[in-house]
Amino acid sequence: NDTGWIFVLPTVLKGNGIITLWVKSYSDIMNDRSATLMIKADDRIKIIKLKQLAKPYVGIDPIGIVAINDEKTYNVKVTCKGKWSASVDNASSSWCALNNAEGDGIGNFSIDVSKLTTDEERTAIVTIASGNLKTTLSVQQGFGVVINGLLWAKCDVGMPGCFTSSPDERGL
């Protein structure tokens, strides 16, 4: 469909010969691209259709959720070329529920997180899959405190996306 991504080398041959197709790398995740190669020898023409498939990909935004202790719904955007589905691990399904957990292409689903009624932290793992491709989203609750409407960590950050095990442990 577009030009400048596939080249034939050499462009002219005499007699028997080998042509080489040079293809630029392609990182588009939503659109395939195609080309038509026409080989002409004397009065004969051979047409070859070429198609380069979009890069297989399942992306999510956000990539993680640190939930407040109150009940709340969080939205997640999925970017994928094909059909996808989201599921939550069985151990967390009593407090972390998914809505509209299937789609095709770019879409959204929501996560309903119930109120935390204890001081214990909890983590749910949401898996988004499309064919053999999978990505995960961590939903953490009880790891922070709300001050003036903002969620603050109650422990230092141990490594990106994780807190230390206690406020006394020094993080990064």
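Student: Lay out the pattern of salt bridges in plain terms, naming residues and giving numbers.
Tutor: Scanning the entire structure with this criterion turns up two salt bridges. Between K81 and D32 there is a salt bridge whose closest N-O contact spans 2.5 Å. Placement of the pair is K81 in the loop between β7 (72-80) and β8 (83-88) and D32 in the loop between β2 (20-23) and β3 (33-41), with a sequence separation of 49 residues. Between K83 and D104 there is a salt bridge; the shortest N-O distance is 4.0 Å. Here K83 is found in strand β8, whereas its partner D104 is found in strand β10 (residues 102-104), with 21 residues between them in sequence.

Student: Any details on the sheet that holds strand β12 (residues 122-130)? Residues and values, ideally.
Tutor: The sheet built from five strands is open, its strands ordered β6-β13-β12-β8-β10 with mixed pairing. Looking at strand neighbours, the two that pair on one side only are β6 (64-67) and β10, the edges of this open sheet. This sheet shows a mean twist of 20 degrees between the axes of neighbouring strands, independent of strand direction. Looking at chain direction, β8 and β10 are connected through three bridges and run antiparallel. Each residue of the ladder has a partner; that of K83, found in β10, is D104.

Student: I'd love a proper account of the nonpolar core, names of residues and values included.
Tutor: Counting residues in each nonpolar core, the largest one holds 22 residues, and the members touching the most others are I65, F109, I111, V126, I128, L137 and V139. Of all the secondary structure elements, the ones that give two or more residues to this core are β5 (58-61), β6, β7, β8, β11 (107-113), β12 and β13 (133-141). It is β7 that contributes the most residues to this core, four residues altogether.

What counts, and where the lines are drawn
- Residues numbered from 1 in each chain as written.
- Predicted model: local features only at pLDDT ≥ 70, side-chain atom pairs only at ≥ 80, totals over all residues.
- Heavy atoms only, no water.
- Salt bridge = Lys/Arg side-chain N within 4 Å of Asp/Glu carboxyl O.
- Helix = DSSP H or I, 4+ residues; strand = E, 2+ residues; numbered from the N terminus.
- Pairing = 2+ DSSP bridges.
- Axes fitted to C-alpha atoms, helices over the stretch in contact; angles between N-to-C directions.
- Core = buried A, V, L, I, M, F, W, Y, C linked by side-chain atoms within 4.5 Å.
- Buried < 20%, exposed > 50% of the residue type's maximum accessible area, 1.4 Å probe, protein only.

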